[in-house]
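# Remarks on the overall topology
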Amino acid sequence: MKHKFTPQQHREYIILSRKTGMDWLEVFSGNTDFYSTYFWELLTEMWFHDKPVMVSDALRYMKSIKSPFTARKYLQKAIDGKLVVERKNPSDERSILVELPPEMRKKLDAFFDKSIEKLLDSAENLKK
């Protein structure tokens, strides 16, 4: 099979991926407990939706987890780690909403800014 891109371009992608991974770890001040796909899926989806969501929606954000019980375990870990906060739903006090606290949103904004800068640098290197 003929490849569309060169081995050097493939390496550039790996370098970008490694840098992004290290920056993701910085979001958690180096705490590797949160360096997983589950938290990536949860936190980036919560950031993307930019509003409080039902717990059931947050659980579905973790697409790589099939069991809602396992997803709930990771959501609880995010709550305990103060990555996510929960509060009563003002529309229905029987349910709970979860959202990103302002500090986590700022950390994710900074992460995305840094990632986009590195993506643009990488794109320049790919053209060479």
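Residues numbered from 1 in each chain as written. Predicted model: local features only at pLDDT ≥ 70, side-chain atom pairs only at ≥ 80, totals over all residues. Heavy atoms only, no water.

What follows covers the overall build of the protein. When you go through the protein residue by residue, the secondary structure sums to 5 helices and 3 strands. A principal-axis box enclosing the C-alpha atoms of the protein has dimensions of 60 × 35 × 25 Å. Out of the 128 residues in the protein, the part that is buried amounts to 34%. Pairs at least 24 residues apart make up 50% of the contacts formed inside the protein by residues separated by at least 6 positions. Summed over all atoms, the accessible surface of the protein reaches about 8800 Å², with 58% contributed by carbon and sulfur. Once the 23 positive and 19 negative side-chain charges of the protein are each reduced to a mean point, those two points are 6 Å apart. (Helix = DSSP H or I, 4+ residues; strand = E, 2+ residues; numbered from the N terminus. Buried < 20%, exposed > 50% of the residue type's maximum accessible area, 1.4 Å probe, protein only. Contact = heavy atoms within 4.5 Å. Areas by Shrake-Rupley, 256 points an atom, 1.4 Å probe, with all protein chains shown as cover. Lys, Arg positive; Asp, Glu negative; His and termini not counted. Charge placed at Lys NZ, Arg CZ, Asp CG, Glu CD.)

Bringing helix α1 (residues 7-27) into the picture now. Each full turn of the α-helix corresponds to 3.6 residues, which orients residues three or four apart in the same direction. Its 21 residues give α1 an end-to-end C-alpha distance of 31 Å, which sits within 8% of 30 Å, the value for a rise of 1.5 Å per residue. Along its buried surface, α1 packs onto α2 (37-49) and α5 (102-127). Two residues or fewer after α1 comes S29, characterised by a positive phi angle close to 50 degrees. (Expected span 1.5 Å × (residues − 1).)

Among the nonpolar cores identified, the biggest contains 28 residues, and L42, L43, L75, L83 and V84 are the most heavily contacted of them. Sorting the residues of this core by element identifies α1, α2, α3 (55-61), α4 (68-80) and α5 as the ones contributing at least two each. With 5 residues, the top contributor of residues to this core is α4. With residues up to four places along the chain from it excluded, the contact list for V84 reads L42, L43, M46, L75, A78, I79, V98, E99, L100 and P101. (Core = buried A, V, L, I, M, F, W, Y, C linked by side-chain atoms within 4.5 Å.)

Bringing the sheet that holds strand β2 (residues 85-89) into the picture now. If you walk across this open sheet you meet the 3 strands as β1-β3-β2, and the pairing is antiparallel. One side of each edge strand has no neighbouring strand; the edge strands of this open sheet are β1 (53-54) and β2. Bridge analysis of β1 against strand β3 (residues 92-99) gives 2 bridges, and the strand direction is antiparallel. Each residue of the ladder has a partner; that of M54, found in β3, is L97. (Pairing = 2+ DSSP bridges.)

The side chains of a regular strand alternate, first on one face of the sheet and then on the other. Across 5 bridges, β2 lies against β3 in antiparallel orientation. Within β3, the residue paired with K88 across the bridge is I96. Taking the residues between adjacent antiparallel strands as the criterion, β2 and β3 are bridged by 2 residues.

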